[in-house]
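Summary of the model geometry
The chain contents come next:
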Amino acid sequence: MARRVAVIGAGSSGLVCIKTCLDEGLEVVCFESSDDIGGLWRFKENPEPNRASIYHSVIINTSKEKMCYSDFPIPAEYPNYMHNSRIMEYFRMYAEHFQLINHICFKTTVLKVTQRPDFSHSGQWDVETENSERKQQKHIFDAVMICIGHHCHPNMPLHDFTGIETFKGVYFHSRDYKTPEQWRNKKVVVIGIGNSGGDIAVELSRVTKQVYLSTRRGAWIRNRVGDNGWPGDMTVSRALTRFRTLLPFNLVCNMAERSLNQRFNHRLYNLKPKHRRDFQILKLAEKALQPGGNNIIPAPQNTPQRITRQHFATRAADLLRSGPVSETWMDMRWLFSQHPTVSDDLPNRILSGTVQVKPNIRRFQGSSVEFDDGSVVENIDLVVFATGYSFSFPFLASNVLPVSGNKASLYKYVFPPDLERNTLAVIGLVQPLGAIMPISEIQARWATRCVKCPSVAAMLKEVECKQETMARRYVSSPRHTIQVDFVDYMDEVADQLGVRPSILRLFLTDPRVALSVLFGPSTPYQYRLRGPGKWAGARQAILTQWDRVIQPMMTNGCNHPEPKRSVLVPLALLAAVLGVASYYNRNSLPSILQDPSAFLGMGFMPSWGAGNSV
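Residues numbered from 1 in each chain as written. Predicted model: local features only at pLDDT ≥ 70, side-chain atom pairs only at ≥ 80, totals over all residues. Heavy atoms only, no water.

**As for the overall build of the protein**
The condition is simple: The helix count covers DSSP runs of H or I at least four residues long, the strand count covers runs of E at least two residues long, and both are numbered beginning at the N terminus. For every residue, the accessible area (1.4 Å probe, protein chains only) is compared with the maximum for its type, and the residue is labelled buried under 20%, exposed over 50%, or partly exposed between those bounds. Any two residues whose heavy atoms approach within 4.5 Å at even a single point are treated as in contact.
For the protein, the count of helices and strands is 21 helices and 28 strands. Across the 614 residues that make up the protein, the buried fraction comes to 52%. Relative to all contacts within the protein whose residues are 6 or more apart in sequence, the contacts with residues 24 or more apart total 69%.

This is the structure in structure tokens:
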């Protein structure tokens, strides 16, 4: 008898969970509270409660080759960066091709998910649901996959804005913004410079009298359009990612920041992030803690606080996350310490004056807004809070998966570590610099296989280690609690599943694909070349990925440009990688020479033994 799996949500993560369950011969039922698939990407004029909602013009920030499911390439004629309506078309094609719709119960809300009395033995769950006719049912499932995402509840920090209750204009969260027309010739303040804030400010600036973009920290602005006009994210290769991890963090950030500033000077445009600190301050702090030092780390000016070595040792993690001390002496936070904003248009709108970048808001007073620099703007008609979202799992008991400060304790961002049986998986609860679809897919592929997780203590230790690592790297912000690096995280989960591409084996058996995998874009097809779920079309998909990039732009009958495929460039880059890596890792060079697979992640992955099935 097939094991029964409940999938909660039919968005981009839920769809791929249904598909992977079917691939593994599991009986799957998906509960979707709305009347359609697509989740976040389905535009609705009127937002639904407790659901994210997009504006009409949303275009994805990840190119189609990097965002597609690994065994279902997006049609070649589709644009590289797709409008939300095209993304929905792709989801419908995917659902139709793999016959997923018949497994979805629409207009059905999950009320409660609880462990059955014999959970320690069976791993089963009771799932209570309610349909559109208010009829409630109780179901028994062997496993549950939660796919509700992290854009659940709009974050409206009104308590941080003095005088907001006196504001005479209109204010709302970015989820309630749909089109700009009704704000023609008005004056607007947009709070927040994430992707939504940047997009909304740009779109409004085309019709409004003036847009003021308020930001506390600033942001680094990345383009969709990369070098030579190629999609920017298609220039990120596995070799480049590995090369970056081998260099000092501050050097990598300096190089990337210099590249971004070549397009426009972020300081000149009042966008340079304020979390970027002078490296010398960190050196002074380190010197104070060295033997013979005074063990005193000076706090910020006008702050009497001082931290001793013992205090530092016991509260280092907290200090790295919050408080003025961390912002002053230990804030080694650079380009890769904050999620960048993707916008090709924002610098142009700033240059034309239709968008003015302003600091944080000090207070509201009637229809006027005063900023932290003392400037005051009168007659503001609209304030848009592009201040993000928080997530929760209201159908779960708090002891099953507690959420605090937008953080949930999950082993490899998938499994709650405290459960006796690994039959509850959270899919897609990550914030990558890239698309969520391939990450959700590889999480689902892993979760639906036989999983043998480490001991509870080992899992909790890894969770704590990851949280501390993220705290040291990222600015303290709700959006950075679930941040992952795309290639590193994909490889980490692929190791568990046994599908990480083996570069050494590929060079021995298929050098052409090996070069594409190592030096080409890190597309999801790479994780279908071997192991469970191997797809016969993966090789061809990798070798033709640039053709699909080119095709939608060939609209006037001109000859197709050919991406440069010289072997000399990859070989030169490989030599540079090895040379620089050898220098910076000279102390561990003997161990690298003994096991070169450890350097490029080429080793063959051990298979997990039989365990609990999800």
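**What about helix H1 (residues 12-23)?**
Going by this rule: A helix is expected to reach a length of 1.5 Å times the quantity of its residues less one.
Between its first and last C-alpha, H1 extends 17 Å over 12 residues, near the 16 Å set by a 1.5 Å rise per residue. Within H1, 10 of the 12 residues are buried, which leaves the element mostly enclosed by the surrounding structure. Where H1 is buried, its residues touch strand E1 (4-8), strand E2 (27-31), helix H3 (84-97), strand E3 (104-105), strand E7 (143-146) and helix H12 (437-447).

**Regarding the sheet that holds strand E10 (residues 187-191)**
Two pairing modes exist for strands in a sheet, parallel and antiparallel, and in both the strands are linked by backbone hydrogen bonds. In plain terms, the rule: Only when DSSP finds a minimum of two bridges between them are two strands counted as paired. For every element, the axis is a line fit to its C-alpha atoms; helices are fit only across the contacting stretch, and the angle between N-to-C directions ranges from 0 to 180 degrees.
In space, the five strands of this open sheet follow the order E9-E20-E10-E11-E16, with parallel pairing throughout. Of all the strands in the sheet, the pair left with one neighbour each is strand E9 (170-173) and strand E16 (355-358). Along the sheet, successive strands turn relative to each other by an average axial angle of 20 degrees, direction set aside. Pairing analysis gives four bridges linking strand E11 (residues 210-214) to E16, with the strands arranged parallel. When the sheet's bridge partners are listed, tyrosine 212 is paired in E16 with glutamine 356.

**Some thoughts on the nonpolar core**
Nonpolar side chains tend toward joint burial in soluble globular proteins. Threshold: We call a set of buried Ala, Val, Leu, Ile, Met, Phe, Trp, Tyr and Cys residues a nonpolar core when their side-chain atoms join them within 4.5 Å.
Judged by nonpolar contacts, the single largest core of 102 residues is most densely connected at Tyr69, Phe91, Met145, Val190, Phe415 and Met437. Ranked by residue count, the leading element in this core is helix H14 (residues 486-497), at seven residues. With 26 residues, the next largest nonpolar core counts Phe393, Leu401, Ala408 and Leu424 among its residues.

**Points about the packing of helix H6 (residues 238-246) against H14**
Our working definition: Here roughly perpendicular refers to angles of 65 to 115 degrees, roughly parallel to angles under 35, roughly antiparallel to angles over 145, and oblique to all remaining angles. When residues are grouped by polarity, Ala, Val, Leu, Ile, Met, Phe, Trp, Tyr, Cys and Pro land in nonpolar, Asp, Glu, Lys and Arg in charged, and all others, Gly among them, in polar.
The contact between H6 and H14 brings their axes to 10 Å, and the two run at 100 degrees. By the angle between their axes, H6 is roughly perpendicular relative to H14. In contact with Arg238, Thr241 and Thr245 of H6, H14 contributes Val487, Asp488 and Asp491. Here the contact of H6 with H14 is composed, by residue class, of one nonpolar, two polar and three charged.

**What to know about H3**
How we decide: The directions considered for the arc run from the helix axis to the C-beta atoms.
Taking 1.5 Å per residue as the helical rise, H3 with its 14 residues ought to reach 20 Å, and the 20 Å between its terminal C-alpha atoms agrees with that figure. Asn84, Ile87, Met88, Tyr90, Phe91, Tyr94 and Ala95 are the residues of H3 that are buried. The buried residues of H3 occupy an angular sector of 155 degrees when projected down its axis, which confines them to one face. Exposed side of H3, more than 90 degrees from the buried face: Glu96 and His97 are the residues found there. Structurally, H3 contributes buried residues whose contacts are with H1 and H12.

**Concerning the pattern of salt bridges**
Note the following rule: By definition, a salt bridge exists where a carboxyl oxygen of Asp or Glu is found within 4 Å of a side-chain nitrogen of Lys or Arg.
Taken as a whole and judged by the stated rule, the model has 27 salt bridges. With a shortest N-O distance of 2.9 Å, lysine 19 and aspartate 23 are connected by a salt bridge. Pair noted here: lysine 19 and aspartate 23 are both in helix H1, with a separation of four residues, about one helical turn. For lysine 19, a relative accessible area of 4% puts it in the buried group.

**Some details on the environment of serine 132**
Note that serine 132 resides in the loop between strand E5 (125-131) and strand E6 (136-141). By relative accessible area, which is 54% here, serine 132 ends up exposed.

**Quick look at the confidence of the model for the protein**
The criterion, for reference: Summary of the metric used: pLDDT quantifies the predictor's per-residue confidence within the range 0 to 100.
Residues with a pLDDT of 70 or more make up 78% of the protein, whose mean pLDDT is 83. Across residues 295-334, confidence stays below pLDDT 50; counting only partners more than four residues off in sequence or on other chains, it has 77 contacts. Low pLDDT, under 50, characterises residues 592-614; the stretch is placed with 54 contacts to residues that sit more than four places away or in other chains.

**Side note on the side chain of glutamate 65**
Keep this limit in mind: Polar contacts here mean pairs of N or O atoms no more than 3.5 Å apart (in protein, one a potential hydrogen donor and the other a potential acceptor; neighbouring residues in sequence count only if both atoms are side-chain atoms).
Tracing the backbone through its elements, the reader meets glutamate 65 in helix H2 (residues 64-67). Using a relative accessible area of 1% as the deciding quantity, one classes glutamate 65 as buried. Side chain to side chain, glutamate 65 and tyrosine 525 meet in a polar contact 2.7 Å long. At a separation of 2.9 Å, a polar atom in the side chain of glutamate 65 contacts the side chain of arginine 548.

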